[in-house]
Amino acid sequence: MSTLFSIDYISSEVQESLPKGYVLRPLSNDDYERGFFNVLSKRFNYMKARNDEYFIIVIVSPEDCIIGTGTIFIERKFIFNAGLVGHIEDVAIDKNHQGKHFGLSIIQALKYIGVKTGCVKAILDCSVKNIPFYEKCGFRSRCHENTWIVKPI
């Protein structure tokens, strides 16, 4: 199994907090069979070649099914003395596993990767209804998001 990045970036503390039989690990090239998206096979090699930027993690159930995922994308900034900023994206938990703290585990694991890679901060965008969840995870609303939706030409 080839993983997107080194297992050294996975928090042992978060792994140990999961229920027995569940595994937190980097995304792997054979996760398509475990329920990841169809584009995985095409995008995996691209992202693996940039494994200092893309960190996608999954939680695998004892039945070998992916029940949760999240991404932290690392960006080098011109500000912060050319420091790194983590962008947390695509946090999703299977509907049958919601309410069991797997979302919190994903966020804690992504924050750990941010610390381990040297990020000065991590940011994320979410819907208003999800703000209380992310506040429980240690995030605070700081700014207003402006969005521009690209229309096909």
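Criteria and cut-off values
Residues numbered from 1 in each chain as written. Predicted model: local features only at pLDDT ≥ 70, side-chain atom pairs only at ≥ 80, totals over all residues. Heavy atoms only, no water. UniProt positions renumbered as here; feature names shortened; annotations may be inferred. Helix = DSSP H or I, 4+ residues; strand = E, 2+ residues; numbered from the N terminus. Buried < 20%, exposed > 50% of the residue type's maximum accessible area, 1.4 Å probe, protein only. Polar contact = N/O pair within 3.5 Å; in protein donor to acceptor, adjacent residues only side chain to side chain. Core = buried A, V, L, I, M, F, W, Y, C linked by side-chain atoms within 4.5 Å. Pairing = 2+ DSSP bridges. Right-handed = clockwise from strand over helix to strand, strands pointing away.

- Under an unreviewed UniProt entry, the name given to the protein is Glucosamine 6-phosphate N-acetyltransferase, and the source organism is Glomus cerebriforme.
- Taken directly from UniProt, the Catalytic activity (unreviewed entry) text for the protein runs: "D-glucosamine 6-phosphate + acetyl-CoA = N-acetyl-D-glucosamine 6-phosphate + CoA + H(+)".

Here we look at the side chain of Thr69
Working step 1: You can see Thr69 is positioned in strand β3 (residues 66-76).
Working step 2: A residue is classified by how much of its surface remains accessible, and Thr69, at 11% relative accessible area, is buried.
Working step 3: Reaching out from Thr69, the side chain makes a polar contact with the backbone oxygen of Ile57 at a distance of 2.9 Å.

Notes on the nonpolar core
Working step 1: Core analysis: the largest hydrophobic core is formed by 35 residues, its most contacted members being Leu24, Ile57 and Ile59.
Working step 2: At the level of elements, α2 (40-48), β2 (54-60), β3, β4 (84-93), α4 (102-117) and β5 (119-124) are the ones that each hand at least two residues to this core.

Quick notes on the pairing of β5
Working step 1: With five bridges joining them, β4 and β5 adopt parallel strand pairing. Note on β5: the bridge partner recorded for Leu84 is Cys119.
Working step 2: Once the chain exits β4 it traverses α4 before rejoining the sheet at β5, and the crossover so formed is right-handed.

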